[in-house]
Amino acid sequence: RMRGMRAKARAEESARLLDLVHLKGFEHSYVHELSGGMRQRVAIARAHAVNPAVLLMDEPFGALDAMTRDILHAELQDIWMRTKMTIVFVTHNVRESVVLGDRVLVMTRRPGRIVTDHPVEYKRPRRIEDDNTARLARLISTELRERGAIDAQR
């Protein structure tokens, strides 16, 4: 409605977005009937509905169990591969950042400044248990520990 779309176009766009996030068949479900992962997928579809240039995601999977989070990692990668939308994904989970990102930016505590930029140069789809994921996550985690020790001494 906000974009001035007619009812039929809105219904078609809603169906397209629900298909994008693998929720076809749940069009008439109430929020309390959806799992936590399904609710996150609805949030992703809702964000796509306004056709933003950049999708900002701040710890979107933090409250989910590990299995649901892994499923949503795969689904978010699938969505990205289909839409190529720019996504800024904030997380404290290093492996998650490597699985989902093209670049992992490490920031200082306060004030928040980017101190290193790690390109993630292996192909998608990626999984949390991949050797490449573990290798880069170890490198970044070591850097974070070293920076934390430096910050603690100041």
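All figures in this text were calculated on a predicted structure; none of them were measured in a lab.

### Some remarks on the packing of aromatic side chains
1) Next: Taken as a whole, this structure holds 1 aromatic pair when the rule is applied.
2) Next: A centroid spacing of 5.7 Å and a plane angle of 55 degrees characterise the contact between Phe61 and Phe89, whose relative ring orientation is tilted. In this pair, Phe61 is assigned in the loop between strand 1 (54-58) and helix 3 (66-83) and Phe89 in strand 2 (residues 86-90), connecting sequence segments 28 residues apart. Neither residue differs from the other here; Phe61 and Phe89 are each classed as buried.
3) Next: Sitting over the ring of Trp80, Arg124 keeps its end group 4.6 Å from the ring centre.

### A closer look at the side chain of Arg126
1) Next: For Arg126, the location among the structural elements is in the loop between strand 4 (114-119) and helix 5 (131-153).
2) Next: Despite its burial, Arg126 remains without a salt bridge, the nearest opposite charge being carried by Asp102 at 4.1 Å.
3) Next: From its side chain, Arg126 meets the backbone oxygen of Val99 in a polar contact 3.3 Å long.
4) Next: Reaching out from Arg126, the side chain makes a polar contact with the backbone oxygen of Tyr122 at a distance of 3.0 Å.
5) Next: In contact with Arg126, other than residues within four places in its own chain, are Gln77, Val98, Val99, Leu100, Gly101, Asp102 and Val120.

### Overview of the confidence of the model for the protein
1) Next: The predicted model of the protein has a mean per-residue pLDDT of 88, with 96% of residues at 70 or higher.
2) Next: Per-element confidence in the protein ranges from a low mean pLDDT of 81 for helix 5 to a high of 95 for helix 4 (residues 94-100).

### Regarding the pattern of salt bridges
1) Next: By the definition in use, this model includes 6 salt bridges.
2) Next: The salt bridge involving Glu13 is made with Arg16; its shortest N-O contact spans 2.9 Å. One end of the pair is Glu13 and the other is Arg16, both in helix 1 (residues 7-20) and 3 residues apart, which spans about a single turn.
3) Next: You can call Glu13 buried: its relative accessible area is 17%.
4) Next: Here Arg82 and Asp78 are joined by a salt bridge, their closest N and O atoms 2.8 Å apart. One end of the pair is Arg82 and the other is Asp78, both in helix 3 and 4 residues apart, which spans about a single turn.

About the criteria used
Residues numbered from 1 in each chain as written. Predicted model: local features only at pLDDT ≥ 70, side-chain atom pairs only at ≥ 80, totals over all residues. Heavy atoms only, no water. Phe/Tyr/Trp six-rings, centres within 6.5 Å; stacked < 30°, edge-to-face > 60°. Helix = DSSP H or I, 4+ residues; strand = E, 2+ residues; numbered from the N terminus. Buried < 20%, exposed > 50% of the residue type's maximum accessible area, 1.4 Å probe, protein only. Lys NZ or Arg CZ within 6 Å of the ring centre and 35° of its normal. Lys, Arg positive; Asp, Glu negative; His and termini not counted. Salt bridge = Lys/Arg side-chain N within 4 Å of Asp/Glu carboxyl O. Polar contact = N/O pair within 3.5 Å; in protein donor to acceptor, adjacent residues only side chain to side chain. Contact = heavy atoms within 4.5 Å. pLDDT = per-residue confidence, 0-100.

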